[in-house]
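Residue-level structural notes
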Amino acid sequence: MAIYEHQTIEKKWQKYWEDNQTYKVDIDSSKPKFYVLDMFPYPSGAGLHVGHPLGYIASDIYARYKKLKGFNVLHPMGFDSFGLPAEQYAIHTGQHPAITTEKNIETYIKQLKNIGFGYDWSREIRTSSPEYYKWTQWIFMQLFNSWYNKDTDKAEDIETLKALFAKGGSAAANAVCADDLPEFTAEEWNSFSEEDQYKITLDYRMTYLSDSVVNFCPVLGMVLSNDEVKDGVSERGGYPVIQKKMRQWMMRITAYCDRLIDGLDQVDWSPSLKDQQRNWIGRSKGASVKFPLENAVELNGETVNHVEVFTTRVDTIYGVSFMVLAPENELVVEITTAEQKEAVESYIVETAKKSELDRMSDVKTVSGAFTGAYCVHPLTGEKVPVWIADYVLAGYGTGAVMAVPSGDQRDWAFATHFDLPIPAVSDAQQNLEEAADDTKEGIYLHGMIEGKNYSDAVNILIENLEAHKIGKGKIQYRLRDAVFARQRYWGEPVPVYFKNDLPYLVEEQDLPVVLPEIDEYKPTESGEPPLGRAKDWNYQGHEYELSTMPGWAGSSWYWYRYMDPQNENEFASKEALNYWQDVDLYLGGTEHATGHLLYSRFWNKFLKDRGFVKQEEFAKKLINQGMIQGRSSFVYRVKDADKPTFVSYGLRKEYNTAKLHVDVNIVDNDILDIEQFKATRNDIGDDPQFILENGKYICGSEVEKMSKSKFNVVNPDDLVERYGADTLRLYEMFLGPLTEAKPWDTKGIEGTSRFLKKLWRLFFDQDQNSLVTEGEPSKEELKALHKSIKKVGEDIENFSFNTSVSTFMICVNELSDLKCHKKAILEPLMIILSPYAPHIAEELWHQLGNDNSVTEAAFPEFNADYLKEDSITYPIQIGGKVRVQLQFPAEATKEEIEKEVLANAEVIKWMDGKPLRKIIVVPKRIVNVVV
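Attention here is on the structure that accompanies the text.

The rules we used
Residues numbered from 1 in each chain as written. Predicted model: local features only at pLDDT ≥ 70, side-chain atom pairs only at ≥ 80, totals over all residues. Heavy atoms only, no water. Helix = DSSP H or I, 4+ residues; strand = E, 2+ residues; numbered from the N terminus. Contact = heavy atoms within 4.5 Å. Areas by Shrake-Rupley, 256 points an atom, 1.4 Å probe, with all protein chains shown as cover. Lys, Arg positive; Asp, Glu negative; His and termini not counted. Charge placed at Lys NZ, Arg CZ, Asp CG, Glu CD. Axes fitted to C-alpha atoms, helices over the stretch in contact; angles between N-to-C directions. Parallel < 35°, antiparallel > 145°, perpendicular 65-115°, else oblique. Left-handed = near helix turned anticlockwise from the far one by under 90°. Nonpolar A, V, L, I, M, F, W, Y, C, P; charged D, E, K, R; others polar. Patch = residues over 30% accessible without salt bridge, like charges linked within 9 Å, V, L, I, M, F, W, Y side chains within 5 Å. Salt bridge = Lys/Arg side-chain N within 4 Å of Asp/Glu carboxyl O. Disulfide = S-S within 2.5 Å. Buried < 20%, exposed > 50% of the residue type's maximum accessible area, 1.4 Å probe, protein only. Core = buried A, V, L, I, M, F, W, Y, C linked by side-chain atoms within 4.5 Å. Pairing = 2+ DSSP bridges. Right-handed = clockwise from strand over helix to strand, strands pointing away. Expected span 1.5 Å × (residues − 1). Arc of directions from axis to C-beta. Phe/Tyr/Trp six-rings, centres within 6.5 Å; stacked < 30°, edge-to-face > 60°. Lys NZ or Arg CZ within 6 Å of the ring centre and 35° of its normal. 1 Å grid on protein atoms, 1.4 Å probe; cavity = no way out; pocket = protein on both sides within 12 Å on 5 of 7 lines; lining within 4 Å. Points joined across faces, edges and corners; volume = space filled by probe spheres on them.

**Some thoughts on the overall build of the chain**
- Secondary structure assignment for the chain yields 28 helices and 35 strands.
- Its C-alpha atoms put the chain at 105 × 80 × 80 Å along the principal axes.
- When contacts within the chain are restricted to residue pairs at least 6 apart in sequence, long-range pairs at least 24 apart make up 72% of them.
- Only carbon and sulfur atoms are counted for the fraction: they give 47% of the accessible area of the chain, which is about 42400 Å².
- The averaged location of the 142 negative side-chain charges in the chain is 6 Å from the averaged location of its 104 positive side-chain charges.

**Some thoughts on the packing of helix H21 (residues 725–734) against helix H22 (residues 749–760)**
- Two numbers describe how H21 lies on H22: the axes approach to 9 Å, and their chain directions differ by 120°. For the element pair H21 / H22, the angle class is oblique. For the crossing formed where H21 meets H22, the hand is right-handed. Residues Asp726, Thr727, Leu728, Leu730 and Tyr731 of H21 form the contact with H22, whose participating residues are Ile749, Thr752, Ser753, Phe755 and Leu756.
- Across the contact of H21 with H22, the residue classes break down as six nonpolar, three polar and one charged.

**Quick notes on a negative patch on the surface**
- On the surface, Asp180, Glu298, Glu302 and Glu334 cluster together to form a negatively charged patch.
- Structurally, Glu302 can be placed in strand S11 (residues 302–311).

**Quick look at the state of the cysteines**
- Enumeration according to the criterion identifies zero disulfides in this entry.
- Free of any disulfide, Cys257 has its nearest cysteine sulfur in Cys177, 15 Å distant.
- The class for Cys257 is buried, based on a relative accessible area of 1%.
- With no disulfide of its own, Cys811 lies 8.6 Å from the sulfur of Cys820, the closest cysteine sulfur.

**Structural notes on the pattern of salt bridges**
- Tallied over the entire structure, the rule returns 50 salt bridges.
- With a shortest N-O distance of 2.7 Å, Lys33 and Asp584 are connected by a salt bridge. One end of the pair, Lys33, is in strand S1 (residues 33–38); the other, Asp584, is in the loop between helix H17 (574–580) and strand S22 (585–588), and 551 residues separate them in sequence.
- Of the residues examined, Lys33 reaches a relative accessible area of 14% and is grouped as buried.
- You can call Asp584 buried: its relative accessible area is 10%.
- With a closest N to O distance of 2.7 Å, Lys621 and Asp268 form a salt bridge. Within this pair, whereas Lys621 is found in the loop between helix H18 (596–609) and strand S23 (622–624), its partner Asp268 is found in the loop between helix H9 (257–262) and helix H10 (271–281), the two being separated by 353 residues in sequence.
- With a relative accessible area of 22%, Lys621 lands in the partly exposed category.
- Classification of Asp268 as partly exposed rests on a relative accessible area of 43%.

**Some details on the nonpolar core**
- In this structure, Tyr558, Phe571, Tyr586, Trp603 and Leu759 are the most contacted members of the largest nonpolar core, which totals 179 residues.
- If near-sequence neighbours (up to four positions away) are discounted, Phe571 is found in contact with Trp135, Trp138, Trp557, Tyr560, Arg561, Asp564, Leu577, Phe612 and Val613.
- Of all hydrophobic cores here, the second largest spans 48 residues; its members include Val289, Leu299, Val309 and Val458.

**Re the pairing of S22**
- By the alternation rule, side chains of S22 split into Leu585 and Leu587 and Tyr586 and Gly588, which are all buried.
- Pairing of S1 with S22, which is carried by three bridges, proceeds in the parallel orientation. When the bridges of S22 are listed, Val36 appears paired with Leu585.
- Note: S22 against S23, three bridges, orientation parallel. Paired with Gly588 across the two strands is Asn624, which belongs to S23.
- Taking the sense of rotation as the criterion, the β-α-β connection linking S22, H18 and S23 turns out right-handed.

**Notes on H22**
- The terminal C-alpha atoms of H22 lie 17 Å apart, and with 12 residues this matches the ideal 16 Å at 1.5 Å per residue to within 8%.
- Within the span of H22, buried status applies to Ile749, Thr752, Ser753, Phe755, Leu756, Leu759 and Trp760. For H22, the arc enclosing every buried residue in end-on projection is 155°, short of the 170-degree limit, so these residues lie on one face.

**A few points about unusual backbone geometry**
- The omega torsion of the bond from Leu511 to Pro512 falls at -5°, within 30 degrees of zero and hence cis.
- One can find Pro512 in the loop between strand S19 (502–505) and strand S20 (538–539).
- You will see that Asn431, though not glycine, has its phi angle at about 55°, which is positive.
- Here Asn431 lies in the loop between helix H14 (409–417) and helix H15 (454–467).
- Despite not being glycine, Gln768 has its phi angle at roughly 65°, a positive value.
- Given a relative accessible area of 27%, Gln768 falls into the partly exposed group.

**A few points about the packing of aromatic side chains**
- Counted under the stated rule, the structure contains 66 aromatic pairs.
- Note on Tyr636 and Tyr649: the rings are 6.0 Å apart at their centroids and 50° apart in plane angle, and the pair reads as tilted. Pair noted here: Tyr636 is in strand S24 (residues 628–638) and Tyr649 is in the loop between strand S25 (645–647) and strand S26 (657–662), with a separation of 13 residues, a long-range link.
- Under the relative-accessibility criterion, Tyr636 is labelled buried at 7%.
- Overall, Tyr649 belongs to the partly exposed group, its relative accessible area being 34%.
- For Arg64, the ring lying beneath its charged end belongs to Trp17, and the centroid distance is 5.3 Å.
- A cation over an aromatic ring shows up here: Lys659 above the ring of Phe634, its NZ or CZ 4.5 Å from the ring centre.

**Comments concerning the pairing of S19**
- Across the two faces of S19 the burial is the same, with Leu502 and Tyr504 and Pro503 and Leu505 all buried.
- What sits between the antiparallel neighbours strand S18 (residues 496–499) and S19 is a turn of two residues, in which Asn500 has the positive phi angle 55°.

**Notes on empty space enclosed by the protein**
- Considering all chains together, one arrives at one cavity of 30 Å³ or more under this definition.
- If you add up the space inside the largest cavity, you get close to 40 Å³.
- Forming the boundary of the largest cavity are Phe82, Gly83, Arg488, Trp490, Gly491, Met549, Pro550 and Gly551.

**A few points about the packing of H10 against H18**
- At a closest axis distance of 11 Å, the pairing of H10 and H18 adopts a crossing angle of 75°. One way to sum up the angle between H10 and H18 is to call them roughly perpendicular. Side by side, H10 and H18 meet where Leu273, Gln277, Trp280 and Ile281 of the first sit next to Leu597, Leu598 and Arg601 of the second.
- Residues that form the contact of H10 with H18 fall into these classes: five nonpolar, one polar and one charged.

**As for the sheet that holds strand S35 (residues 926–930)**
- Here four strands make up an open sheet; going across it, the order is S33-S32-S35-S34 and the pairing mixed. Across the chains shown, the open sheet's two edge strands, defined by having one partner strand only, are strand S33 (881–889) and strand S34 (918–922). Adjacent strand axes in the sheet meet at a mean angle of 20° when their direction is disregarded.
- Note: strand S32 (residues 871–878) against S35, three bridges, orientation parallel. Looking across to S35, one finds that Gln877 is bridged to Asn928.
- Packed on one face of the sheet, helix H27 (residues 894–903) meets S32, S33, S34 and S35 and runs near 130° to S34.

Printed below as a string of structure tokens:
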């Protein structure tokens, strides 16, 4: 083929790659491995827009480059295919989520293949496939059968815990578990029944049942994760979300807090992402302190006589003037007096309407309610009033805060609002009538730390608290154990059944527990999750767990399944795990910093502890690509017109207008296609009027997030059809640095298209005859090529893909000027271009007489000799202005240059007989003659 017909060429090579399994990869111990992974997508019904492929194109370039450099490259793709959108669609339509998911995946695969990605499609995985989630369930079972041993600092088989109990009772096991669990001796343990022993272990396992406060959406009938809640409503549908206490499966991620923080030093991730994880985990040193209740209460059959708090500023304990409990704290109902009951109950109802994020982020609104109860200051014996307020969370610390208004701004605002005391704690605090002062400077004013500085005060207080058993030094974390259950249908069934109200695992040979067919996909009339609708769905006559796993379950280990996706006996073979090991390059969005990435690291560390994998961290290097933003277009509707009237952008200020989004696909260079606008909008009446500028309707524009609601989504399929996949790939890289946000502008893609046509003309004349010759390259041609080899190689290694595209353009321009059509130059050029524009590179590689794929070539070696200059042209500056250009051998010395410059007739003329004051030679740059 001679004419550059991108549609024909791209389909031809996509078929070639598929027929020849060009990108299929197997274990090959003769080559070093390299694993490139994209965060796999959720296949939405909308398909891809041009913002989605940005990271995929970058990873594809890098994977192709590493293959050219001799690596055995694993570059797979799959789908995170369980999720709420498919379930919501099923609820509204009655169609099984698997059907819509399959249809969406087909669309995604078609779009991805159209862009020419070099994925090994034989390794495709889907989290909703029973063959896949069998192993997600299996990992859950390993977690259930494990506990965390603080002494060995790792998760171990539950049998080792039982062995410790049998030898030394509860005191023998230094375990991560809930506080204040019942103690027992070895003799007592050995006398317990098997069922009682089993009950005890349930409080120690890595996954366990617990009553926890969750984000519950009554309309959806399900629990939502924090990232599924925005501004107090569900992200999907915008329904109200309340805080509700429910019995849920939990994952003991808190066991790994220190390792999750410390492990960040082992990986090449961005500092900002690491900081997000550190802050989310929130490691802080402090002390727990018990404040006795004035009146003890009964709670869950036990007497509670104190409130325990955790504080990072135990030095401020003498500044406590009130206590604040989270509204959800179980103590609240028990300690609230009859006089305060109505106010407290009303406040609890209002708080339940807010998400935790809203409560923590709203620092301006002050609210609370007095319980009527008091506790006693453990050091002074003074009565301390107990309040509730929404800025305290039940799940953080103990759900209680000792309020020190002189040292904490939220406590100060609360005390000021409710007219509570604000006692100073040190002589360094200033202006307490205006704001809190959290300084650690100065000398303390009260009690046993009077006259002491900060470090001495902390040590004295902790020693005293521990001596009197009213507190102790402690490390606390912001991170809480992860809720591992959703009241949904479209998720992994939990491989658990209940007998005598106790959870038991199904037998391993009975995996996977497959989702049953049900009549509707919403909760039952009695409030059970959708799986409660399944008929005759039980395990040996016992009821299954009716919640499903959360969305992050299947994505917390998927990189291992890519290594051995067809294995029916293991999640991956030892051979595959030992060869591929871990991910060398991981690309994805920053939105997963404290969700997917944290959970994945947790599961990976657990799998290492139990000996299933060898790596502590699963991804060596992580790059977060920036967002491609949409360029929205607007029309301006006249508000007070008798009939629908739209005024062009330049005239809008002459009218009272409302700005409306318009589909960017019917706007070309800001000019609206009025007929298409009228045909595609049913909200503008039958006969809209348009007030034009110079016969055209000009739209306004603005850079915003690309989304369907803003009508600024650009479908890559349309661009591939019109310009070609190679043009799209190059343009997306050309937009700017990979990690930065950048606006999309379809107008700019024309330039990239012209570049590829110019490249084509290096191979063919206007009559489509081949121009390629076998001649020896000139120095100028070799220089143009090797400059590009050097720059492109460095750019790819540094992920600076936008500058590589510029390099290609410069190289093609130089070769065009040199009228270079030599195979010795064009062949290596196609190799270095192929990661970016694989289709045209394959076609032209073939036109050069090669029978194999360009992917089988080797990245050309850079030769620095070709960049050496034989001669250098020096500008000669005389009297402050450049007057002459002189050429010298590249190896000429400073003295030789000075001598020849001063002897040159043109230089002598411009010196005009003036005496030479000095001559300055800047090597390889310029000569300055000062007269």
